[in-house]
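Each chain, letter by letter, is given below.
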Amino acid sequence: MPNLKSALSAYIPSDPNERAFKTAMLALLADEPRAFWRDVFQPGHFTGSALVTNPGRTRVLLMRHGTLRRWMQFGGHADGEDDLAKVALREASEESGFPASAFTLQHGVLDLDIHPIPANPRKAEPAHSHFDVRYLLELDDTLPLPPSPEGLTLRWLRLDEAAMLAGGERAVVRMLEKLEKP
């Protein structure tokens, strides 16, 4: 897997939002040496996510996030790891209960998103942004769903069901649309 700067530089954004995200991510990489740590709040820090699909790319495995109360892809903090594909794989495994070896990374970066995270006084965290680099992982959808170690609700969904349950959130819909393209 190429380093993040190379991967971002090679990535071709699908819309103006992603173009702006790519520019901001490259700037964060250049300007913030601790960009992979969760205690960097201004403007934020990198996270890695995984959209998990079946081999036919007709269904995706989503989780219902307990705090945010919405259906979304797997993902989380880099915690110092600068290989965000590894972060995406680690998070997909931790949150789904499937071993990392069950997933196959399909290609490089699938999607880019920067989204606001509200302040969390309980953790003494100010409002900040997650600079989320997203990857596509493949998983056999005939495998039984294990219990999520993090107590999350998991479901295999058709792409149209996933878009509906994601509440039309543009960032999720954009990833799903990329699966429909040849």
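Residues numbered from 1 in each chain as written. Predicted model: local features only at pLDDT ≥ 70, side-chain atom pairs only at ≥ 80, totals over all residues. Heavy atoms only, no water.

Looking at the overall build of the protein chain
For the protein chain, the helix and strand inventory stands at five helices and seven strands. When the helices and strands of the protein chain are listed from N to C terminus, the series reads α-α-β-β-β-β-α-β-β-β-α-α. Scored against the burial criterion, the 182 residues of the protein chain give a buried share of 46%. Considering only contacts within the protein chain whose residues lie at least 6 apart along the sequence, 67% involve residues at least 24 apart. Carbon and sulfur atoms form 54% of the exposed surface of the protein chain, whose accessible area is close to 9000 Å². Taking the 21 positively charged and 25 negatively charged side chains of the protein chain as two groups, their mean positions are separated by 3 Å. (Helix = DSSP H or I, 4+ residues; strand = E, 2+ residues; numbered from the N terminus. Buried < 20%, exposed > 50% of the residue type's maximum accessible area, 1.4 Å probe, protein only. Contact = heavy atoms within 4.5 Å. Areas by Shrake-Rupley, 256 points an atom, 1.4 Å probe, with all protein chains shown as cover. Lys, Arg positive; Asp, Glu negative; His and termini not counted. Charge placed at Lys NZ, Arg CZ, Asp CG, Glu CD.)

Considering the pattern of salt bridges
Any two side chains of opposite charge can pair if their charged atoms end up close together. Evaluation of the coordinates by the stated rule reveals 17 salt bridges. The salt bridge partner of Arg-134 is Asp-113, with a shortest N-O separation of 3.6 Å. Of the two residues, Arg-134 is situated in strand β6 (residues 128-138) and Asp-113 in strand β5 (residues 104-117); the sequence distance between them amounts to 21 residues. Residue classification places Asp-113 among the buried positions, given a relative accessible area of 7%. Arg-134 is the salt-bridge partner of Asp-132, the closest N and O atoms lying 2.7 Å from each other. (Salt bridge = Lys/Arg side-chain N within 4 Å of Asp/Glu carboxyl O.)

Some remarks on unusual backbone geometry
With an omega of 5°, the peptide bond running from Gln-42 to Pro-43 counts as cis. Of note in the backbone geometry, Asp-79 takes a positive phi value of approximately 50° without being a glycine. In this structure, Asp-79 sits in the loop between β4 (74-77) and α3 (84-96).

Here's the deal with the environment of Thr-142
Its place among the elements puts Thr-142 in the loop between β6 and β7 (153-158). Taking the relative accessible area as the measure of exposure, Thr-142 reaches 62% and is therefore exposed. Placed 129 residues apart in sequence, Thr-142 and Pro-13 show a C-alpha to C-alpha distance of 32 Å. Within the local environment of Thr-142, its side chain forms a polar contact with the side chain of Asp-140, the two groups lying 2.6 Å apart. (Polar contact = N/O pair within 3.5 Å; in protein donor to acceptor, adjacent residues only side chain to side chain.)

Considering α3
An ideal rise of 1.5 Å per residue puts 18 Å on 13 residues; α3 measures up with 18 Å between its terminal C-alpha atoms. Looking at α3, one finds that the buried residues are Leu-84, Ala-85, Val-87, Ala-88, Glu-91, Ala-92, Ser-93, Glu-95 and Ser-96. N-capping of α3 is provided by Asp-83, with a side-chain oxygen placed 3.1 Å from the backbone N of Ala-85. Trailing α3 by a residue or two, Gly-97 shows a phi angle of about 90°, which is positive. (Expected span 1.5 Å × (residues − 1).)

Some details on the nonpolar core
Side chains of a nonpolar character, in soluble globular proteins, are inclined to be buried together. With 35 residues, the main nonpolar core has Phe-46, Val-52, Leu-84 and Val-133 as its most contacted residues. Going through the elements one at a time, α1 (4-10), α2 (16-31), β1 (44-53), β2 (59-64), α3, β5, β6 and β7 are the ones with two or more residues in this core. The leading source of residues in this core is α3, at five residues. Leu-51, Leu-62, Ala-166 and Val-172 belong to the second-largest nonpolar core, a separate cluster that totals 14 residues. (Core = buried A, V, L, I, M, F, W, Y, C linked by side-chain atoms within 4.5 Å.)

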